[in-house]
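In case you want the letters, here they are:
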Amino acid sequence: MRPKKDIIVAGWFLLVTLLLGGAAWWAWHTYVSTPPYVDPERFPVRGFDISAHNGYANLNAAARAGYDFVFIKASEGTDFRDENFALNYQKARHAGLKTGAYHYFRFDRDGIEQAKNLLRVTGNRPLDLGLAIDVEEHGNARGVDPDTVRARLQLMVEYLNLRGHSVTLYSNRAGYEKYLLPDFEGARLWICQFTDNSANSDWTYWQHDHHGKVPGIRGDVDLNVFSGSRADWERHLRGAE
């Protein structure tokens, strides 16, 4: 009887394991890997962001597909410069896409030196959407005190403002609460979040998908929308540079 009982117990254990695994896969597919539905009538202005990681992109094809804007990676930290920035910028302007440039903010680097690095890359190129600073923990230095991060970020933002640039701050919800509040409350926000709760937040741009497909660009592309109508978009462009 003992072996039979062991077999039954093992069978139940296997069944429960399979059920839990199936539930975990469903939750991942439904809530993590599957992007939220973005109503095109509510958010008609669509865009994406790219870097050298996306390779050589045909941005004319993206524009023909109805995309309106693109944020292009320019720099990171105090010395890294994206090798495709100049080419991506030229292609975006030729395609008629409204264009912004973004910088990946390093927690362990001086804020003013990071601002200077960004401006060395962008130069005097016109930017319809201004400059964006990517503030997130993913891939960043560990163990840096949040107060230190905020102080360095404040220096970077102030330096760019003094140079006449409009700044948008990018982060996910956790980064927003940890590094941007309360010092940067009210600043122009580019939020990364994969639930439709983002639509109820105070944001200007919403990155809602890391695995989007855009004509002319191979592989996964980050997808974004602007927060308002096309009339709101035109008003925003007049004040974004």
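In the block above lies the structure referred to throughout.
An account of the accompanying structure is given in this report. (Residues numbered from 1 in each chain as written. Predicted model: local features only at pLDDT ≥ 70, side-chain atom pairs only at ≥ 80, totals over all residues. Heavy atoms only, no water.)

**Things to note about helix H5 (residues 146-162)**
In step 1: Between its terminal C-alpha atoms H5 stretches 24 Å, which fits the 24 Å expected from 17 residues at 1.5 Å a residue.
In step 2: Those residues of H5 that sit buried are Val-149, Arg-150, Leu-153, Met-156, Val-157 and Leu-160. Buried residues of H5 fall within an arc of 125 degrees about the axis and therefore sit on the same side.
In step 3: Elements in contact with the buried residues of H5: strand S4 (98-104), helix H4 (111-122), strand S5 (131-134), strand S6 (167-172) and helix H6 (173-180).
In step 4: In this structure Asp-145 caps H5, since a side-chain oxygen of it lies 2.9 Å from the backbone nitrogen of Asp-147.
In step 5: One or two steps after H5, the chain reaches Gly-164, where phi turns positive at roughly 90 degrees. (Helix = DSSP H or I, 4+ residues; strand = E, 2+ residues; numbered from the N terminus. Expected span 1.5 Å × (residues − 1). Buried < 20%, exposed > 50% of the residue type's maximum accessible area, 1.4 Å probe, protein only. Arc of directions from axis to C-beta. Contact = heavy atoms within 4.5 Å. Polar contact = N/O pair within 3.5 Å; in protein donor to acceptor, adjacent residues only side chain to side chain.)

**Focus: the packing of aromatic side chains**
In step 1: All chains considered together, the criterion is met by 17 aromatic pairs.
In step 2: Judged by centre distance (5.5 Å) and plane angle (50 degrees), the rings of Phe-69 and Tyr-205 are tilted. Taken together, the residues Phe-69 in strand S2 (residues 69-76) and Tyr-205 in strand S8 (residues 205-212) connect sequence positions 136 residues apart.
In step 3: For Phe-69, a relative accessible area of 0% corresponds to the buried category.
In step 4: Tyr-205 gets classed as buried once you look at its relative accessible area, which sits at 0%.
In step 5: A centroid spacing of 6.2 Å and a plane angle of 85 degrees characterise the contact between Tyr-102 and Trp-190, whose relative ring orientation is edge-to-face. Of this pair, Tyr-102 sits in strand S4 while Trp-190 sits in strand S7 (residues 188-192); the two residues are 88 residues apart in sequence, bridging distant segments of the chain.
In step 6: Judged by its relative accessible area of 11%, Tyr-102 falls in the buried class.
In step 7: Given the relative accessible area of 2%, Trp-190 is considered buried.
In step 8: Site record: aromatic cluster; members linked through ring pairs are Phe-69, Phe-71, Tyr-102, Tyr-170, Trp-190, Tyr-205, Phe-226 and Trp-233. (Phe/Tyr/Trp six-rings, centres within 6.5 Å; stacked < 30°, edge-to-face > 60°.)

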